[in-house]
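# An overview of the molecular structure
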Amino acid sequence: MLSIEKIERRARQLLSDAKVTGPAVDVRAVAKFLRASIRPVEADENISGAIVREGDQITIGINSAHPITRKRFTIAHELGHLVLHDAEAKVDHRYAQAPRDGIQLAALRNRVSSEAVDPREIEANRFAASLLMPAHFLEGSLHSYKLPLGDADIIRLAREYNVSVQAMNYRLMNLGVPVDVAGH
Amino acid sequence: MLPRLTSANVAAIFFSMPQPVWWKSLNLLVGQRLQRNRHSASPKPLTQQELSERTESTLSRSSIASIERGLQGISLAQLYALAKALNVEPSDLLPSGGEVFATPKEGVEELVRTSSPAVATFLRKVQGTRTKKGGANA
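Since this is a predicted model, take the numbers as computed values, not measurements.

Assigned secondary structure in chain A consists of 8 helices and 4 strands. Starting at the N terminus and walking to the C terminus, you meet the elements of chain A as α-α-β-β-β-α-β-α-α-α-α-α. Counting every position in chain A, which comprises 184 residues, the buried fraction comes to 53%. A sequence separation of at least 24 residues applies to 68% of the contacts in chain A between residues at least 6 apart. Just so you have it, chain A exposes about 8400 Å², and 49% of that area is on carbon and sulfur atoms.

Here it is in structure tokens:
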């Protein structure tokens, strides 16, 4: 299993190579830099995306029905497989309907999921979070916020980074950013 | 009202379905061994229903059917329950590591072949109109 630090470094290096300098991360530009084309495809709700590599052609398929934040995360996740695992082909699912943004932040905050057991999936998710919400970008953003962060702050940050509130919430939690959970 | 967050759908947001490529073959190989042992049971072959009853109904007939088709994995306790019901050693139901890990690399065609129709269709769409290996246009 790759260390978190290593994954963060790979994501940061990639952003710098692809000349992405701030949020919201242009994940399509990053994909383009890696010569991967994005193809939105109609698919079952439970299919998130896939990466297919044939010869020098790399295609990332994403579920065209998913919300934009979800699509961005999927692209970043598939790029993780590409960068970290040299995947030839891979399909990614999700189990259930995701809840909508902006609810029950406190409930989410205290939960750490241990459900993902395939190390490559965990790595790809960490890579996706690092790519879309790089620690060094967040450090900059957080200058204009008062800590601990409240729910409204997290929603604003999620909008700034064009990620789901859940993803932002999780990322902040993993980075150890103080978040106000009182009052819930 | 918005849906409630449960640990299952929290996991669903962030994690994809974990599935190393050999998992599928593991379940299938276990299923095949189970079926072989059921058919060769003495004094006479057992039906799935009879096997289910012999596990003291810890496994339903439909579970046994899914297991045999490799659609469902089994727990350690279920492995022993099945071995007891068939009067064989648990190890008789287990494929060797060599068999399990010898699965071909997860190339596109292999993935299409072993996936559900929905996933296979999705993959074909992702591949798009690109010509396949050995295609007619060469």
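Another aspect to go through is the confidence of the model for chain A. Mean pLDDT over chain A stands at 82; residues scoring 70 or higher make up 80%. Residue range residues 95-116 of chain A is modelled with pLDDT below 50. Its contacts to residues more than four positions away, or to other chains, number 56 contacts.

Time to look at the environment of Pro45(B). Residues and elements named next belong to chain B. Structurally, the position occupied by Pro-45 is in the loop between helix H2 (21-39) and helix H3 (48-54). The sequence separation of Pro-45 and Gln-35 amounts to 10 residues, and the corresponding C-alpha distance is 10.0 Å. Apart from the residues lying within four places of it in its own chain, the contact partners of Pro-45 are Arg-38, His-39 and Glu-50.

For the rest of this paragraph, the subject is a nonpolar patch on the surface. All names here are of chain B. Taken together, the side chains of Trp-22, Trp-23 and Phe-101 present a nonpolar region at the surface, about 310 Å² in accessible area. By secondary structure assignment, the location of Phe-101 is in helix H6 (residues 97-101). On the accessibility criterion, Phe-101 (56% relative accessible area) is exposed.

Attention now goes to the pattern of salt bridges. All names here are of chain B. This model, assessed by the stated rule, comprises 4 salt bridges over all chains. Glu-68 is the partner of Arg-38 in a salt bridge, and the nearest nitrogen-oxygen pair spans 2.6 Å. With Arg-38 in helix H2 and Glu-68 in helix H4 (residues 61-68), the pair connects residues that are 30 residues apart, well separated along the chain. For Glu-68, a relative accessible area of 6% translates into the label buried. Residues Lys-84 and Glu-56 are paired through a salt bridge, measuring 3.6 Å at the closest nitrogen-oxygen approach. Taken together, the positions of Lys-84 in helix H5 (residues 76-86) and Glu-56 in the loop between H3 and H4 put the pair 28 residues apart, joining distant regions of the chain.

This part is about unusual backbone geometry. In this chain, Pro23(A) is followed by Ala24(A) through a cis amide linkage whose omega measures -10 degrees. Here Ala24(A) is to be found in the loop between helix H1 (4-17) and helix H2 (27-33). One non-glycine residue, Lys19(A), lies in positive phi territory at about 60 degrees. Here Lys19(A) is to be found in the loop between H1 and H2. With relative accessibility at 68%, the residue Lys19(A) sits in the exposed group. Not every positive phi belongs to a glycine, and Asn87(B) is a case in point at roughly 60 degrees. Looking at where Asn87(B) falls in the secondary structure, it is placed in the loop between H5 and H6. The exposed category is assigned to Asn87(B), whose relative accessible area is 69%.

Rules used in this analysis
- Residues numbered from 1 in each chain as written.
- Chains lettered and ligands numbered in written order.
- Predicted model: local features only at pLDDT ≥ 70, side-chain atom pairs only at ≥ 80, totals over all residues.
- Heavy atoms only, no water.
- Helix = DSSP H or I, 4+ residues; strand = E, 2+ residues; numbered from the N terminus.
- Buried < 20%, exposed > 50% of the residue type's maximum accessible area, 1.4 Å probe, protein only.
- Contact = heavy atoms within 4.5 Å.
- Areas by Shrake-Rupley, 256 points an atom, 1.4 Å probe, with all protein chains shown as cover.
- pLDDT = per-residue confidence, 0-100.
- Patch = residues over 30% accessible without salt bridge, like charges linked within 9 Å, V, L, I, M, F, W, Y side chains within 5 Å.
- Salt bridge = Lys/Arg side-chain N within 4 Å of Asp/Glu carboxyl O.

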